[in-house]
Structures are given as structure tokens and as C-alpha cells.
Amino acid sequence: MPALAHPTLAFVKYWGYLDEKLFLPLNPTVSVALDAFYVRAEAKESRDGKDHVYLDGNELLGEKAKKPLKLLSFLHEHYNVPPLVVHTESNIPMGTGIASSGAAMAAIALAALNYSGVKVNERELSTIARVGSGSAARSVPGHFNEWVYGETHEESYAYVLHEREHWSEFRVVTFIVSREHKKVSSYRGHSLASANPFNVPRVLEAWKHVELAKRAIDKRDIWALGEVVEKDANNLQAVALSSGIIYFLPQSIAIMLKVRELRESGVPAFYTLDAGPTVHVVTLKKYVDEILDAIDWKDAVVSGVGEGVKLE
Ligand code: PMV
């Protein structure tokens, strides 16, 4: 049975490792699942005793296979899962800052466990998916969620803060500035951030941002949420810059400036960027058309709030 997962967009971000093998972050994070993007995964037994992972029909090799093979090794070791052939398909441009690996690892974890007849609860599945890619912890619960701070494998998991129905007007407009794969992986970015003293104030602020973001989601207050979202994104880009990485492109900055202009004219629109040039704009349904008209960038995708990973 295939499993389907959505990527998550972090309002408060994870950047830098407490543990770089288990992908434990230095601060808790808050995110939302994006329903317009997905990864589907289906697992079958392997005939040659080795794991193989395919994306849209092509086998993933080398660097691209690292995360899923790490996750599958963890499943062999701890859950007695046999060697597998996993087929995935996705509509997410990879390596552009849309957390495609988070959705992929959540879908692969569920598909592999289900194929092997292993049942785990949502919290445990979140910890397992996290071993493949940190942000996968959040794609397991989906909806509006918090990934709690934890210093051990078992303690670092994400759970639903509010289901999508809580705030049905909430939207994210994703402007795909470039479909080219980024040059610096998020793994490298995280590693450099862990060793960068400039990341310390970012982490301290993120702890405060988590409380502010949670309160804003509770109250469905887009202005309060947006303010935190934009600040937290700026902090991440500042740390990346200070580590020598430039993730944004000139077009990303042009969109960020447009978002600021829109806001000055009273539109609740707030930008956020991850490890790539993609600009996500957080807003409400009734402002989406105005934002699309003002920014006028063809490669744009509108998401509502997505669910957690599930079997289809
Ligand atoms: O889980 P990874 O390795 O793809 O890390 C993603 C980190 C950011 O997207 C930049 C921030 C976040 O919290 O999603």
C-alpha cells in the first residue's frame, strides 16, 4: 500500500545540529504541512538483498540516495524490516527549499513499516522518519505542528498543535524562483551552523519564536504569526550568510521586497525562505489573488494546510 506525505514549511526553523547522526535540532520548531505538494512511496521486497530507492522511475544513487538508505538501514537494525525496493513519486522540485526530503522520508518510513507488518504510533513514526531527514519528523503529524526539543532519539518528535480545520483560511503561496538543485545541501548548511557562534542568538530567539508562533496559531492571528515567521526566516538566512552560504537569488529578493510593499498597503503577506531560493508567502485565502497579481511570477503554487502521512 503506498504512503503519501506532504512537506512542511517551518514558521520557526531548524538550523544546526545538536546531534548530526540522529538529526536532533538545537531548538524546537513550529511548522505547517503544505497540501499542494506531496511525495508518494511504495515498498516491495528486494530480490538482491540490497535496498534500492527510485524517484519517478529513476534509481537514486550516490549523494541523492544517502538519506533514504540511512533511514532504511535504521529500519533494518531496529525494526527487523527486510531489504526493500522503494518507488517514490513527487511533484516537488528537489533541492529548491521545499523540504522534499522531509515528505519523502515520512512516506518511505510509513510505506516500509507497513509493508513489513510493523505497527508503531504516530510519535514513534515521527522519531523514525527524523533519522532520514530532520524535517520529516514534522511531515508525520502534518497539519499545524510542533517538533519538540529532545536530547535523545525518543524525545525528539513532532505532534499536531491544531488540525487544518482550525484555520481553514490559512494559505501559503510558494514562488519557485529556480528549479535548479541548490549547490549547498541543507546537511552542509546545518553542519556549518552548528559550528558557527552566530547561530547561538538565532537559537535563543527561536525558543521565543516558538511560543509566539503557537499563540498566534491558537488565535488565528495572521499578523502576529507573520511577524515571527519573517523574523525567524531572516535569522536563518543571516546565519547561512555568516557561514558563507547564499541561498537566495536576485529574484528571491525582488519577491521579498514586493511582499513588504504589499504589507505596507495593508495586505497580510509575510515571506519565509529555507535552504534554497524559493520564497514562501504566508497569508489568508482572500489575499491570494492580489499577491499573485502583484508578484507576477509564473511558477507559483498555492497550498492550504495538509494532513499527516497516511496510507492510501
Ligand atoms: O530536514 P532538512 O535537512 O531538510 O533541514 C531543513 C531545514 C530548513 O528547511 C532550512 C528549516 C526547517 O526547519 O525546515
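Per-chain numbering applies: the sequence of each chain, read as written, is numbered from 1 onward. Where totals are concerned, whole chains, interfaces and linings use all residues; where local detail is concerned, this predicted model gives features only for residues with pLDDT of at least 70, and gives and counts side-chain atom pairs only at 80 or more. In computing side-chain properties, one takes all heavy atoms of the structure into account and sets aside hydrogens as well as water.

A.B. asks: Would you mind going over the site of the ligand with me for this structure?
C.D. replies: The immediate surroundings of the ligand are formed by 15 residues, with Tyr 14, Ser 135, Arg 138, Ser 186 and His 190 found nearest. Here an oxygen atom of the ligand and a backbone polar atom of Tyr 14 are 2.9 Å apart. Between Ser 135 and the ligand, the recorded distance is 2.8 Å, taken from a backbone N or O atom to an oxygen atom. Here the ligand loses 95% of its free accessible area of 380 Å² to cover by the protein chains. Only protein atoms enter the calculation, which uses a 1 Å grid: trapped sets of points that fit a 1.4 Å probe without letting it out are cavities, open sets showing protein on both sides within 12 Å along at least five of seven lines are pockets, and any residue with an atom within 4 Å of a point is a lining residue. Throughout, a molecule is located in a cavity or pocket provided that more than half of its atoms lie within 2 Å of its grid points. Judged by the fraction of its atoms near the pocket grid, the ligand is located in the largest pocket. Looking at the shell around the ligand residue by residue, the classes come out as 5 nonpolar, 6 polar and 4 charged. We call a residue near a given molecule or strand whenever any one of its heavy atoms falls within 4 Å of it. The term polar contact refers here to a pair of N or O atoms within 3.5 Å; inside protein, the definition further demands a hydrogen-donor-capable atom paired with an acceptor-capable atom, and it admits residues adjacent in sequence only when both atoms are side-chain atoms. Each accessible area value is a Shrake-Rupley result obtained with a 1.4 Å probe; residue values ignore everything except the protein chains displayed when judging cover. Residue polarity is assigned by list, with Asp, Glu, Lys and Arg as charged and Ala, Val, Leu, Ile, Met, Phe, Trp, Tyr, Cys and Pro as nonpolar; anything else, Gly included, falls into the polar class.

A.B. asks: I tried to follow helix α2 (residues 100-115) on my own but got confused; where do I start?
C.D. replies: Secondary structure elements are taken from DSSP: a helix is a run of H or I of four residues or more, a strand is a run of E of two residues or more, and numbering for both begins at the N terminus. Each residue after the first adds 1.5 Å to the expected span of a helix. The first and last C-alpha atoms of α2 sit 22 Å apart over 16 residues, in line with the 22 Å expected at 1.5 Å per residue. Three labels apply to residues, based on accessible area from a 1.4 Å probe with only protein chains included: buried if under 20% of the type maximum, exposed if over 50%, partly exposed otherwise in between. Most of α2 sits inside the fold, with 14 of its 16 residues counted as buried. Looking one or two places after α2, you find Gly 117, whose phi comes out positive at around 75°.

A.B. asks: Please clarify how the sheet that holds strand β2 (residues 8-12) should be interpreted in this entry.
C.D. replies: For sheets, the rule is that strands pair by backbone hydrogen bonds, running either parallel or antiparallel. Two strands form a pair only when DSSP identifies at least two bridges running between them. Strand order in the open sheet formed by 4 strands is β2-β5-β10-β11, with antiparallel pairing between adjacent strands. Sheet topology places β2 and β11 (158-162) at the edges, where each strand pairs with a single neighbour. With strand direction ignored, the average angle separating the axes of adjacent strands in the sheet is 35°. Where strand β10 (residues 144-147) and β11 come together, 4 bridges link them in antiparallel fashion. Bridging from a neighbouring strand, Trp 147 pairs with Ala 158 of β11. Helix axes use the C-alpha atoms of the stretch in contact, all axes being lines fitted to C-alpha atoms, and the angles between their N-to-C directions lie in the range 0 to 180 degrees.

A.B. asks: Looking at this model, I keep getting lost on the environment of Leu 84. Mind explaining?
C.D. replies: Relative to the elements of secondary structure, Leu 84 occurs in strand β9 (residues 84-90). Under the relative-accessibility criterion, Leu 84 is labelled buried at 0%. For Leu 84 and Ala 233, which are 149 residues apart along the polypeptide, the C-alpha to C-alpha distance reads 37 Å. When neighbours within four sequence positions are excluded, Leu 84 is seen to be in contact with Ala 43, Lys 44, Glu 45, Ser 46, Lys 50, Asp 51, His 52, Leu 72, Ala 112 and Tyr 115. By the convention used here, residues are in contact when the closest approach between their heavy atoms is within 4.5 Å.

A.B. asks: What is the right way to look at a negative patch on the surface in this model?
C.D. replies: Together, Asp 289, Glu 290, Asp 293 and Asp 296 make up a negatively charged patch on the protein surface. As for its position among the elements, Glu 290 is in helix α9 (residues 288-295). Each patch is built from salt-bridge-free residues with over 30% relative accessible area, joining like charges within 9 Å and nonpolar side chains (Val, Leu, Ile, Met, Phe, Trp, Tyr) within 5 Å. Salt bridges, as used here, are contacts in which a Lys or Arg side-chain nitrogen is within 4 Å of a carboxyl oxygen on Asp or Glu. This count recognises Lys and Arg as positive and Asp and Glu as negative, with His and chain-terminal groups excluded. Charge positions are represented by NZ for Lys, CZ for Arg, CG for Asp and CD for Glu.

A.B. asks: Even after reading the chapter, I still don't get the nonpolar core, so can you show me in this structure?
C.D. replies: Note that soluble globular proteins tend to have their nonpolar side chains buried in a common cluster. Among buried residues, those of type Ala, Val, Leu, Ile, Met, Phe, Trp, Tyr and Cys that are joined through side-chain atoms within 4.5 Å constitute a nonpolar core. Core analysis: the largest hydrophobic core is formed by 79 residues, its most contacted members being Phe 11, Val 32, Leu 75, Phe 170, Leu 225 and Ile 291. The element contributing the most residues to this core is α2, with 11 residues. The next biggest cluster of nonpolar side chains, apart from the first, holds 8 residues, and it includes Leu 236, Val 239, Ile 245 and Ala 275.

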